[in-house]
Amino acid sequence: MMTDMDDKPSLSEIVDIDCSGTFKYVLIELFLKDETSRLLVRGYSWGAYHDDIYQETLKQALKEGLDTECLGGGRITHDATKKDIFVYGYSMGFGRADHAKVCELIKVKYPSYNVHWSDEGY
């Protein structure tokens, strides 16, 4: 988990979100050197804007000679005590991410959690 902007997760880590709380997230497509791509989910409480979170991942990718595209965003409420992750809302700048796809990715990292989504809310 990324606790602040100086502690960057590996680009090979598909999902990196805060361990609890409600925070903004973005869905990012990372374009690899072999002309394939992978999806990344990044969500942190330190991000005042969705673009703050995206820009950190973009900087890291560019340092490795890779490119990215932000596919949208929203919010996540992560309750570790209840093992519940709720994905909802949208990004004013990037639009709504595919919450169903985001939940699929999150379920791989948190298989024992109830991971669910809604298009409602901001």
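One can find the structure itself at the top, above this paragraph.
Visitor: Any chance you could explain the overall build of the protein here in plain terms?
Guide: The helix and strand tally for the protein stands at 2 helices and 6 strands. Listing the helices and strands of the protein from first to last along the sequence gives β-β-β-α-β-β-α-β. Here the protein has a C-alpha radius of gyration of 13 Å; the compact-globule value for 122 residues is 14 Å, and the two agree. The buried share of the protein, reckoned over its 122 residues, is 44%.

Visitor: Looking at this structure, I do not really get the environment of Glu120. What am I missing?
Guide: Assignment of secondary structure puts Glu120 in the segment after strand 6 (114–117). Setting aside anything within four residues of it in sequence, one finds Glu120 in contact with Tyr88 and Gly89.

Visitor: I'm lost on the side chain of His99 in this one. Help?
Guide: Relative to the elements of secondary structure, His99 occurs in helix 2 (residues 99–109). Reaching out from His99, the side chain makes a polar contact with the side chain of Tyr25 at a distance of 2.7 Å. Filtering out sequence-adjacent residues up to four positions away, His99 remains in contact with Tyr25, Gly73, Gly74, Val87, Tyr88, Gly89, Trp117, Ser118 and Asp119.

Visitor: Honestly, the side chain of Asp16 in this entry has me stumped. Any pointers?
Guide: Within the element layout of this structure, Asp16 appears in strand 1 (residues 15–17). Of the side chains bearing the opposite charge, Lys109 lies closest to the buried Asp16, which forms no salt bridge; the N-O distance is 4.3 Å. A polar side-chain atom of Asp16 sits 2.6 Å from a polar atom in the side chain of Tyr44.

Visitor: Hey, could you run me through the packing of aromatic side chains in this one?
Guide: Aromatic ring pairs are reported here in terms of the distance separating the ring centres and the angle at which the planes meet. Inspection of the entire model under this criterion finds 4 aromatic pairs. Between Tyr44 and Trp46, the ring centres sit 5.4 Å apart and the planes meet at 10 degrees, which makes this aromatic pair stacked.

Visitor: Where do I start with the sheet that holds strand 6 in this structure?
Guide: By way of backbone hydrogen bonds, the strands of a sheet pair with one another, either parallel or antiparallel. The strand order 1-3-2-4-5-6 describes an open sheet built from 6 strands, whose pairing is mixed. Strands with a single pairing partner mark the edges of an open sheet, and in this sheet they are strand 1 and strand 6. Mean inter-strand twist for the sheet, computed between neighbouring axes without regard to direction, equals 25 degrees. Where strand 4 (residues 67–79) and strand 5 (residues 84–88) come together, 5 bridges link them in antiparallel fashion. Residue pairing in the sheet places Asp79 in a bridge with Asp84 of strand 5. Docked against the sheet, helix 2 engages strand 1, strand 2 (21–31), strand 3 (37–44), strand 4, strand 5 and strand 6, running at close to 170 degrees with respect to strand 6.

Visitor: What exactly am I supposed to notice about the pairing of strand 5 here?
Guide: Working note: regular strand, side chains alternate between the two faces of the sheet. For strand 5, the tally of buried residues reaches 4 of 5 residues, placing the bulk of the element in the interior. Linking strand 4 back to strand 5 in an antiparallel pair, the connection comprises 4 residues, with Lys83 at a positive phi of about 55 degrees. Since strand 5 and strand 6 lie parallel, the crossover through helix 2 that links them has a hand, and here it is right-handed.

Visitor: Explain the state of the cysteines to me, please; I cannot follow it from the model alone.
Guide: Think of a disulfide as a covalent bridge from one cysteine sulfur atom to another cysteine sulfur atom. A full pass over the atoms with the stated rule returns 0 disulfides. Here Cys70 is not cross-linked by a disulfide; its sulfur's nearest cysteine counterpart is in Cys103, at 17 Å. Judged by its relative accessible area of 2%, Cys103 is buried.

How each quantity is defined
Residues numbered from 1 in each chain as written. Predicted model: local features only at pLDDT ≥ 70, side-chain atom pairs only at ≥ 80, totals over all residues. Heavy atoms only, no water. Helix = DSSP H or I, 4+ residues; strand = E, 2+ residues; numbered from the N terminus. Rg over C-alpha atoms; globule rule 2.2 N^0.38 Å. Buried < 20%, exposed > 50% of the residue type's maximum accessible area, 1.4 Å probe, protein only. Contact = heavy atoms within 4.5 Å. Polar contact = N/O pair within 3.5 Å; in protein donor to acceptor, adjacent residues only side chain to side chain. Lys, Arg positive; Asp, Glu negative; His and termini not counted. Salt bridge = Lys/Arg side-chain N within 4 Å of Asp/Glu carboxyl O. Phe/Tyr/Trp six-rings, centres within 6.5 Å; stacked < 30°, edge-to-face > 60°. Pairing = 2+ DSSP bridges. Axes fitted to C-alpha atoms, helices over the stretch in contact; angles between N-to-C directions. Right-handed = clockwise from strand over helix to strand, strands pointing away. Disulfide = S-S within 2.5 Å.

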